[in-house]
Each structure stands twice: as structure tokens, then as C-alpha cells.
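Structural overview
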Amino acid sequence: MKAVEIHQYGAARDVLHFNPDAPRPTPAADEILIENKATSINPVDCAARSGYGQNFFSRLGWGELPMILGRDASGVVVAKGRDVSELEVGDEVYAAPPIGCYAEFVTVKAAHAALKPGNLDHCQTASLPFVALTAWTALVNEAGLTPETAAGKKVVVPRAAGGVGSFAVQLLKAWGAEVAAICSTRNIELVKSLGADTVIDYTAQDFRDHLQDYDLALDLIGRKSDFDELDNDYKGGTDTADGSHYDEQLMSVLRRDEKAVYVTVCSPKVAFTNKYGYDEGIRRAGEEYEKRAAIAAQSGYRYIWSFFNPDAVSLTRIREMIEAERIKPVIDRCYSLADIVKAHEYCETKQAQGKIVIDIT
Ligand SMILES: NC(=O)c1ccc[n+]([C@@H]2O[C@H](COP(=O)([O-])OP(=O)(O)OC[C@H]3O[C@@H](n4cnc5c(N)ncnc54)[C@H](OP(=O)(O)O)[C@@H]3O)[C@@H](O)[C@H]2O)c1
């Protein structure tokens, strides 16, 4: 099969290797084999390519080189393991496996895949699973939002024009929340078109001057110093001129109330495992979490580090919202698999408006 592999960590043009004859994977008993029509680029792919998370991902069994990166799949089931009953050969599905999607064929646990939205093509569909499940895990599984409880809640979403942000804004608006989105000037129109009630242009405004008494902050940026010391290209956070941390600034617009929630998808947990090794990194991350959660608790609100969680039930609910046209894919541009270096380099400019998609066909 055609695939893009890495045999070592490094810059996109040095290590992304197009292989026209890579071995096709075989599904385990609980897996399906997808003929993958499209995938997309996520910042974590670029970070992982550079060596970010290698101790963490190795421990989870995803770290062996050569490796095929890529976390979004949209395609057709062409084989399945003996224990799979929920999906059939021929089903058109979408999923977010941990690795392996920069390829014509990819395996995934059947419990992590769902029928794809019928109203989208494969490129549109592949723009969604990883970012949608990341937003869903943070907002629904962790912060506890439902269509009923979200209605009327005031939620602030920075990095609103990115993949996770553009999905989160649409989900929150579909459920009746009041959304303040933060972005740069060039993204204002895009973010307004997603339904945001208030748009803060961070290049001209300090969001703290405009937002007060919010119920929920979804942090998609994180604390810069959590990522600074990494010996690779990954730079997650952005802190502002007055020297305070970005996460602290977001928390400062929350209501002082135990029902208010700060939830971040940009915690330092994986970065700590890079710096200290897996076991020590996890121990230190646990200590850091307790410290930060205790400070947040003094101000009265819940403090959460959220990590993407794959599951077919959430993907099915997401599909229903897409088919009802309550959520639309936001796609910046599309590349072929052979042009994946350009796609990674574009992702690393951090300028993408929505998603960067790869058409594998
Ligand atoms: N915990 C998890 O499981 C999990 C899962 C997925 C993603 N994540 C993390 O979530 C974050 C958002 O991911 P994404 O896929 O939505 O990102 P993305 O699509 O690459 O975000 C692109 C947007 O980021 C903004 N941006 C530009 N420079 C930036 C900078 N220096 N720092 C921060 N933002 C900048 C730009 O908008 P403006 O020009 O408007 O600023 C751009 O439109 C990433 O850090 C990613 O690693 C975590």
C-alpha cells in the first residue's frame, strides 16, 4: 500500500518518507481494516514527528520506528476481526486511531469507529474525528455539558479558528451556549460564521477587559513555559505581554463558583514524559496537576486536564449533528499524500484556518 513513514524523528522534509510499497496491516480480533480514502494533519502529528511524546507513546505501544503517523481516517471497511459484530465489510466509516492514517489501509478497534456522516465526502469527513472527539471529550465527558445544561452557559474558546476550536464553537452554539471566541484579525469573519456571540481579536484587545463571569473556559493554547524546555520543534503555548500565564488569564474570567470549569487540552503531561522519562514525568505531572487544581479550587472552580478519548458512541452523536447540519467541517486546504511534507510545513506555520486535509485517493 501507499503510506508515509518516519524512520527517525526530525523536520518534515528530512524524515517524512513516501513508501509506495508499505506492508498492509492485518486487523486483530476486535479491529476493522479500513481502506482509507482521506486523512488530516493535526499539530500533534508534527510534534510526534519531531520526537514529542516518544516516551509516552512508546509506553502505550505506538512508539516503534518506522512509524506511520496520522490520527484521522475516513473510508470503507474491507476486512474485520472475528469478534467484530457492530460493523460490516462495505460500511463507510470514520475513526481516529492513535497512529497509521497516512496510508491507504489502516486498522482500528471497531469500538472506536462509527458510520461516517452520509452528507459529507471522505475528505470532509477526515477533517473531523480527532478534533471533534477532542472537543467532545473536554466539553461533554469532562466538563459535563449536555444539550440541556449547555443552554445559556457562557463559554470562552481561544484558538477558535483551529480544528478543535472551530468544532467546539459549533457544538456549543448548537446546544445554545453563549460563546466568546478568541482569534487573530484574519480569523474574525470565519469565527463569526461559526456562530460565536462575541469575538475577541487578541491582536488588538485583551480578552480580560471584555469577558467576565464565564461558566467555562476551554483552553486550546496552554501555558507557554510547559513546553519551552522541550528539545524539539513543539511550541504549544502563548503567554501575554504582562508576564502572566495564559491559563491563569483564562481562569480570571470565570465566575467564582464551584460550577464554573476550566478545562485544558494543552496540559504539560506528555511534555513532562519527554523531559523526565515516562515514570518520573507522569509522577511530576500528577504533582503539578494537584498543585494547579488546588489553586483553582481556592478560587472556587473545577480544574481539568483533558485528553482525547476515542469512542463510537460519541462519533455517532457527532455524525447525527453533522447530518442535521448543525456542525460543518471547516477546511483550509487539501493536499495529496505525496505532498505531505508541504502539509506538515503549513501546519507548523500555525496559520491553518480549520483543517488541513490529505486526499489519499
Ligand atoms: N489533549 C488532547 O487530547 C489534544 C487533542 C488534540 C489537540 N490538542 C491540542 O489542542 C491545540 C489546538 O489544536 P488544533 O488542531 O485546533 O490546532 P490548529 O488547528 O493547528 O490551530 C490553528 C490556529 O491556531 C492559532 N495560532 C496561531 N499561532 C498560534 C500559537 N503560537 N499558539 C497557539 N495558537 C496559535 C491560529 O489562529 P489565530 O491566528 O486566530 O491565532 C490558527 O488558525 C493544540 O495545542 C493541540 O496539540 C490536544
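Calculation notes
Residues numbered from 1 in each chain as written. Predicted model: local features only at pLDDT ≥ 70, side-chain atom pairs only at ≥ 80, totals over all residues. Helix = DSSP H or I, 4+ residues; strand = E, 2+ residues; numbered from the N terminus. Rg over C-alpha atoms; globule rule 2.2 N^0.38 Å. Buried ≥ 20, exposed ≤ 12 C-beta atoms within 10 Å, placed from the backbone. Contact = placed C-beta atoms within 7 Å. Domains from an automatic or database assignment. Nonpolar A, V, L, I, M, F, W, Y, C, P; charged D, E, K, R; others polar. Near = placed C-beta within 6 Å. Expected span 1.5 Å × (residues − 1).

**Comments concerning the overall build of the protein chain**
Secondary structure assignment for the protein chain yields 14 helices and 15 strands. Against the globule reference of 21 Å for 361 residues, the protein chain gives a C-alpha radius of gyration of 20 Å, in line with a compact fold. Principal-axis analysis of the C-alpha atoms places the extent of the protein chain at approximately 55 × 45 × 40 Å. Burial statistics for the protein chain: of 361 residues in total, 52% are counted as buried. Here the contacts in the protein chain between residues at least 6 apart in sequence split such that 72% fall between residues at least 24 apart.

**With respect to the domain arrangement of the protein chain**
The assigned domain composition of the protein chain is domain 1 (3-128 + 329-359) and domain 2 (131-305). Taken over C-alpha atoms, the centre of domain 1 sits 26 Å from the centre of domain 2. Across the contact, 17 residues belong to domain 1 and 19 residues belong to domain 2. Considering every element that reaches the side of domain 1 that touches domain 2, the biggest residue donor is helix α3 (residues 54-59), with three residues. Grouping the amino acids of the side of domain 1 that touches domain 2 by side-chain chemistry returns seven nonpolar, seven polar and three charged.

**A short note on the site of the ligand**
Taken together, the neighbourhood of the ligand is formed by 27 residues, with Gly162, Cys183, Ser184, Phe308 and Lys350 sitting nearest. If you list the elements that add at least two residues to the shell around the ligand, you get α2 (43-49), α5 (129-142) and α7 (163-174). Among the elements that take part in the shell around the ligand, α7 stands out by supplying three residues, more than any other. For the shell around the ligand, a count of residues per class yields 13 nonpolar, 12 polar and two charged.

**So, α7**
Helix length check: α7, at 12 residues, gives a terminal C-alpha distance of 17 Å against a target of 16 Å (1.5 Å per residue), a fit within 8%. Within α7, burial applies to Gly163, Val164, Gly165, Ser166, Phe167, Ala168, Val169, Gln170, Leu171, Leu172 and Lys173. Phi for Gly176, located one or two positions after α7, is positive at around 85 degrees.

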